[in-house]
Amino acid sequence: MFILRGVDQLSSAITKAKKIRPRVEVDRFGRYRVSGSKGYYTVICRKDTRGIKAVECTCQGGEKDLVCYHAAAALSLHVGLAKQRQTATV
Ligand SMILES: [Zn+2]
């Protein structure tokens, strides 16, 4: 799991995600399945009560608290969905 502090943190993972273009499937809002080298990984994006955003991935890198491209791919979808939700509730 890693704490999301800013986009800079994700830049290399985003570059990798753009190159690899993994499939991202929505399980539900905040929970995604991302294709990887050994099948699908689950990525969980959540925000705690203090507004701290945490991202978890079930791949080896994610278990070592690294920012992996699965997380980057899932986050880009997550951010889009979160915006849609905000717009819907206005
Ligand atoms: Zn991962």
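Definitions and limits used
- Residues numbered from 1 in each chain as written.
- Predicted model: local features only at pLDDT ≥ 70, side-chain atom pairs only at ≥ 80, totals over all residues.
- Heavy atoms only, no water.
- Pairing = 2+ DSSP bridges.
- Helix = DSSP H or I, 4+ residues; strand = E, 2+ residues; numbered from the N terminus.
- Axes fitted to C-alpha atoms, helices over the stretch in contact; angles between N-to-C directions.
- Donors = N, O, S within 2.8 Å, 3.2 Å for Na, K, Ca; no water.
- Tetrahedral: all angles 85-135°; square planar, octahedral: opposite > 155°, others 65-115°.
- Phe/Tyr/Trp six-rings, centres within 6.5 Å; stacked < 30°, edge-to-face > 60°.
- Lys NZ or Arg CZ within 6 Å of the ring centre and 35° of its normal.
- Buried < 20%, exposed > 50% of the residue type's maximum accessible area, 1.4 Å probe, protein only.
- 1 Å grid on protein atoms, 1.4 Å probe; cavity = no way out; pocket = protein on both sides within 12 Å on 5 of 7 lines; lining within 4 Å.
- Points joined across faces, edges and corners; volume = space filled by probe spheres on them.
- Nonpolar A, V, L, I, M, F, W, Y, C, P; charged D, E, K, R; others polar.

Trainee: Describe the sheet that holds strand β1 (residues 2–4), listing the residues and the values that go with them.
Mentor: Overall, antiparallel pairing links the 5 strands, which are arranged β1-β5-β4-β3-β2 in an open sheet. Every other strand in the sheet has two partners, leaving β1 and β2 (24–28) as the edge strands with one partner each. Between one strand and the next, the sheet's axes are offset by a mean angle of 30°, whatever the strand orientation. Bridging between strand β4 (residues 39–47) and strand β5 (residues 53–57) involves 5 bridges; their strand directions are antiparallel. Across the sheet, isoleucine 44 pairs through a bridge with glutamate 56, a residue of β5.

Trainee: Describe the pairing of β2, listing the residues and the values that go with them.
Mentor: Taken residue by residue, a regular strand's side chains alternate between the two faces of the sheet. Strand direction decides the pairing type here: β2 and strand β3 (residues 31–36), joined by 4 bridges, are antiparallel. Paired with valine 24 across the strands is valine 34, a residue of β3. Following β2, the chain reverses through 2 residues before pairing antiparallel with β3; glycine 30 in that reversal takes a positive phi of roughly 95°.

Trainee: So what about the coordination of the zinc ion? Which residues, and what values?
Mentor: Ligation of the zinc ion by protein atoms is provided by Cys57 (SG), Cys59 (SG), Cys68 (SG) and His70 (ND1), these donors lying 2.0 to 2.3 Å from the ion. The site at the zinc ion holds 4 donor atoms, and with the angles between them running 103 to 116°, its shape is tetrahedral. Taken in sequence order, the residues that donate to the zinc ion follow the motif C-x1-C-x8-C-x1-H.

Trainee: Got a sec to walk through the packing of aromatic side chains? Specific residues and values, please.
Mentor: Two aromatic rings are characterised by how far apart their centres lie and by the angle between their planes. In total, this model carries 0 aromatic pairs according to the counting rule given. When the ring centre of phenylalanine 29 is taken as reference, the NZ or CZ atom of arginine 85 above it lies at 3.9 Å.

Trainee: Tell me about unusual backbone geometry, and please be specific about residues and values.
Mentor: Positive phi, close to 50°, is recorded for arginine 21, a residue that is not glycine. Mapped onto the fold, arginine 21 is located in the loop between α1 (11–20) and β2. The phi dihedral of aspartate 65 falls on the positive side, at around 65°, and the residue is not glycine. On the basis of relative accessibility, which here comes to 47%, the residue aspartate 65 falls in the partly exposed class.

Trainee: Summarise the layout of surface pockets; cite the residues concerned and give the values.
Mentor: Its volume calculated, the largest pocket comes out at about 590 Å³. Lining the largest pocket are 23 residues, with Lys53, Leu75, His78, Val79 and Ala82 sitting closest to its centre. It is helix α3 (residues 69–89) that provides the largest number of residues to the lining of the largest pocket, a total of 9 residues. Each residue belonging to the lining of the largest pocket can be placed in one class, and the counts come to 12 nonpolar, 5 polar and 6 charged. If you trace the second largest pocket, you find 15 residues lining it, with Cys59, Gln60, Gly61, Tyr69 and His70 closest to the centre. At the level of secondary structure, the elements contributing two or more residues to the lining of the second largest pocket comprise α1, α2 (60–63) and α3. Sorting elements by how many residues they give to the lining of the second largest pocket places α1 first, with 3 residues.

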